Every structure is written in structure tokens, then in C-alpha cells.
Amino acid sequence: MRTILDAHVAEPGLAVVEIAAADDATAFAIQQLLSERCATARADRTTREPGEPGVRLRTFVDLRQQPGA
């Protein structure tokens, strides 16, 4: 995965959430739950690490804003 930059967490209320799940459907379901509660930059695909189980998904969260803002 890409490196987390200082700008991603530069202020209180900003966060980077990395989701590890058994499959794509589970990872996207968790991302959907987050996006219903706070503003998120949603990912459109998961990644797989060779030799590691499951998938990974990274989403950027802004707790300062309401969803859809």
C-alpha cells in the first residue's frame, strides 16, 4: 500500500483506516458502514499481498464533516 502522508492526518479529526478482511465484499461492507457515519474518501478496489490471507482496503476519514458534505 501507499505510504500515509502527513497531510492525511495533519489535523485533529482526520484519520486513515486500513481494513483487513477475508474478502472484497466484507471490506466494502465495512467501508460502507464508515461512510454512513462520517465523510470518507472511498476506495474502489482492494489489494492482496502475496502470501498473506485476505484483502486490504484503505480509506481516508474526516470526522469533522458529515457524510455527503
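Residues numbered from 1 in each chain as written. Predicted model: local features only at pLDDT ≥ 70, side-chain atom pairs only at ≥ 80, totals over all residues. Heavy atoms only, no water.

K.L.:
For this particular structure, what's the right way to read the pattern of salt bridges?
P.N.:
Pairing is possible between side chains of opposite charge, provided their charged atoms come close. Counted according to the given criterion, the structure contains five salt bridges. One salt bridge connects Arg37 with Glu36, and the closest N-O pair in it is separated by 3.9 Å. Under the relative-accessibility criterion, Arg37 is labelled exposed at 59%. Here Glu52 and Arg56 are joined by a salt bridge, their closest N and O atoms 3.0 Å apart. According to the relative accessible area criterion, Glu52 is partly exposed, its value standing at 41%. Of the residues examined, Arg56 reaches a relative accessible area of 26% and is grouped as partly exposed. One salt-bridge network, held together by shared partners, links Glu11, Asp62 and Arg64. (Salt bridge = Lys/Arg side-chain N within 4 Å of Asp/Glu carboxyl O. Buried < 20%, exposed > 50% of the residue type's maximum accessible area, 1.4 Å probe, protein only.)

K.L.:
Please explain the nonpolar core as it appears in this structure.
P.N.:
Here is a general trend for soluble globular proteins: nonpolar side chains tend to be buried in one another's company. By size, the foremost hydrophobic cluster in this structure holds five residues: Ile19, Ala21, Ala27, Val55 and Leu57. For this core, the secondary structure elements donating two or more residues are β1 (14-21) and β3 (55-62). Leave out the neighbours within four places in its chain, and Ala21 touches Thr26, Ala27, Gly54 and Val55. (Core = buried A, V, L, I, M, F, W, Y, C linked by side-chain atoms within 4.5 Å. Helix = DSSP H or I, 4+ residues; strand = E, 2+ residues; numbered from the N terminus. Contact = heavy atoms within 4.5 Å.)

K.L.:
How do you make sense of the pairing of β3 when you look at a structure like this?
P.N.:
Counting buried positions along β3 gives seven out of eight residues, so the element sits mostly inside the fold. Where β1 meets β3, eight bridges bridge the pair, whose relative direction is antiparallel. Of the residues in β3, the one forming a bridge with Leu14 is Asp62. Summarising the sheet, strand β2 (residues 39-41) and β3 pair through three bridges and their orientation is antiparallel. (Pairing = 2+ DSSP bridges.)

K.L.:
Would you explain the sheet that holds β2 in this entry?
P.N.:
In a beta sheet, neighbouring strands are held together by backbone hydrogen bonds and run either parallel or antiparallel to one another. Strand order in this open sheet of three strands is β1-β3-β2, and the pairing throughout is antiparallel. Of all the strands in the sheet, the pair left with one neighbour each is β1 and β2. Taken over all neighbouring pairs, the strand axes of this sheet differ in orientation by 35 degrees on average, direction set aside. (Axes fitted to C-alpha atoms, helices over the stretch in contact; angles between N-to-C directions.)

K.L.:
In this structure, what is going on with the confidence of the model for the protein chain? I would like to understand it.
P.N.:
Close inspection of predicted coordinates is inappropriate for parts of the model with low pLDDT. Looking at the protein chain, pLDDT values average 87 and 90% of them are 70 or higher. Across the protein chain, element-level confidence peaks in helix α1 (residues 24-35) with a mean pLDDT of 95 and bottoms out in β2 with 87. (pLDDT = per-residue confidence, 0-100.)

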